[in-house]
Amino acid sequence: FNPRGRAYPDLALIGVKYQVILSGTPVNIGGTSASAPVFAAMVTLINSARQAAGLPNVGFINPTLYAASTHSNRPQVFQDVTSGHNKCCSEYAKSTCCKSGFTSMSGWDPVTGWGSVNLNNLAQVFNVTIPQDQVTTNAAVRSSFSLMYPFLLVSLLVSTMT
């Protein structure tokens, strides 16, 4: 945590059980290696919709994310995660816990940022809608796009992806 700099993380995404094909074999991956590309895909869908509407790409997204989290007249972009902590992590069924860490709370917190992202509402902030045929119909993957069910979250520092 850097008390003199920008707060981080910005947002959170589901961070477990992303199925990918590795050397022809389906495997589950997790962590920011799985969730960061999902957020990048969300921004790509928004940019595609903006281009189709004759609008420019979103550009540096952080100011808009922070404005969306604090304006009550906008659609709810984030599902606030108000319980949990980052004192323990699990890798391949082994848990490692520490005495220190942060606890989730209402509003921005150092565990989940502003919370998990609702893609459709985020698109509305950028004045577009995402055609539903561009979002997979697979319920497990779709839930990671709507992100209203944050089971295990990975916090993301968005500026590393913009």
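In this convention, every chain numbers its residues from 1, walking through the sequence in written order. pLDDT decides what is reported in this predicted model: residues at 70 or higher carry local features, side-chain atom pairs at 80 or more are listed and counted, and totals for whole chains, interfaces and linings draw on all residues regardless. Only hydrogens and water are set aside when side-chain values are computed; all heavy atoms of the structure are taken into account.

Student: I tried to follow helix α2 (residues 62-70) on my own but got confused; where do I start?
Tutor: Remark: exposure states derive from per-residue accessible area (1.4 Å probe, protein chains only) relative to the maximum for the residue type, with buried under 20%, exposed over 50%, and partly exposed in between. By definition, any uninterrupted DSSP run of H or I lasting at least four residues is a helix, any uninterrupted run of E lasting at least two residues is a strand, and each is numbered from the N terminus. Three or more residues of α2 are buried, namely Asn62, Leu65 and Ala68. Around the axis of α2, the buried residues are gathered within 125° of arc, so they sit on the same side. Here the buried face of α2 lies against β1 (11-14), α1 (32-52), β4 (78-79) and α3 (119-125). Here the arc refers to the set of directions running from the helix axis out to each C-beta atom. Throughout, a contact is declared for two residues whenever any of their heavy atoms are within 4.5 Å.

Student: Looking at this structure, how should I read the nonpolar core?
Tutor: Buried together is how nonpolar side chains tend to be arranged in soluble globular proteins. Working definition of a nonpolar core: buried Ala, Val, Leu, Ile, Met, Phe, Trp, Tyr and Cys residues. They are joined through side-chain atoms within 4.5 Å. In terms of nonpolar packing, the biggest core is built from 27 residues, with Phe39, Ile46, Val117 and Leu122 touching the most fellow members. Listed by contribution, the elements that provide at least two residues to this core are β1, α1, α2 and α3. Looking at this core, the element that brings in the most residues is α1, giving 8 residues. Setting aside chain neighbours within four positions, we find Ile46 in contact with Val58, Leu119, Leu122, Ala123, Phe126, Val128 and Ile130.

Student: I'm lost on α1 in this one. Help?
Tutor: Each full turn of the α-helix corresponds to 3.6 residues, which orients residues three or four apart in the same direction. If you check α1, its first and last C-alpha atoms are 30 Å apart, about what 21 residues at 1.5 Å a residue would give, namely 30 Å. If you check which residues of α1 are buried, you get Ala34, Ser35, Ala36, Val38, Phe39, Met42, Val43, Leu45, Ile46, Asn47, Ala49 and Arg50. Following α1 by one or two positions, Gly54 has its phi on the positive side, about 80°. Any helix carries an expected span of 1.5 Å times its number of residues minus one.

Student: Would you mind showing me how to read the packing of aromatic side chains here?
Tutor: Describing an aromatic ring pair means giving the distance of the ring centres and the angle of the ring planes. Each aromatic pair joins two rings of Phe, Tyr and Trp (for Trp, the six-membered one) with centres within 6.5 Å, and gets the label stacked for planes under 30 degrees apart, edge-to-face for over 60, and tilted for any other angle. One pass over the structure, following the stated rule, counts 1 aromatic pair. With 5.6 Å between their ring centres and 80° between their planes, Tyr66 and Trp114 make a pair best called edge-to-face. Of the two residues, Tyr66 sits in helix α2 while Trp114 sits in the loop between β6 (94-97) and β7 (116-117), which places them 48 residues apart along the sequence. For Tyr66, a relative accessible area of 23% translates into the label partly exposed. Residue classification places Trp114 among the buried residues on the basis of a relative accessible area of 17%.

Student: Please clarify how the side chain of Arg50 should be interpreted in this entry.
Tutor: The residue Arg50 is located in helix α1 in this model. Under the rule applied, a polar contact is a pair of N or O atoms within 3.5 Å (in protein, one hydrogen donor and one hydrogen acceptor; residues adjacent in sequence only if both atoms are side-chain atoms). Reaching out from Arg50, the side chain makes a polar contact with the backbone oxygen of Phe126 at a distance of 2.6 Å. With residues near it in sequence (within four places) discarded, Arg50 still touches Leu55, Pro56, Asn57, Val58, Phe126 and Val128.

Student: Explain the confidence of the model for the protein chain here, please?
Tutor: Do not read the predicted coordinates in detail wherever pLDDT is low. Known as pLDDT, the predictor's confidence for each residue is given on a scale from 0 to 100. Of all residues in the protein chain, 72% have pLDDT values of 70 or greater, and the mean over the chain is 75. Per-element mean pLDDT across the protein chain ranges from 39 in helix α4 (residues 139-146) up to 90 in α3. Low pLDDT (under 50) marks residues 137-162, which in the prediction has 82 contacts with non-local residues, meaning those over four places away or in another chain.

Student: Looking at this structure, I do not really get the pairing of strand β2 (residues 18-22). What am I missing?
Tutor: Successive residues of a regular strand alternate their side chains across the two faces of the sheet. Where β2 meets strand β3 (residues 25-29), 5 bridges bridge the pair, whose relative direction is antiparallel. Of the residues in β3, the one forming a bridge with Ile21 is Pro26. Pairing between strands is defined by DSSP: at least two bridges between the two strands are required. Here β2 folds back onto β3 in antiparallel fashion, the turn holding 2 residues, of which Ser23 has a positive phi close to 55°.

Student: Is there a simple way to think about the environment of Asn28 in this case?
Tutor: Assignment of secondary structure puts Asn28 in strand β3. Placed 11 residues apart in sequence, Asn28 and Lys17 show a C-alpha to C-alpha distance of 5.0 Å. Once you skip the residues sitting within four places of it in the chain, Asn28 turns out to touch Lys17, Tyr18 and Gln19.

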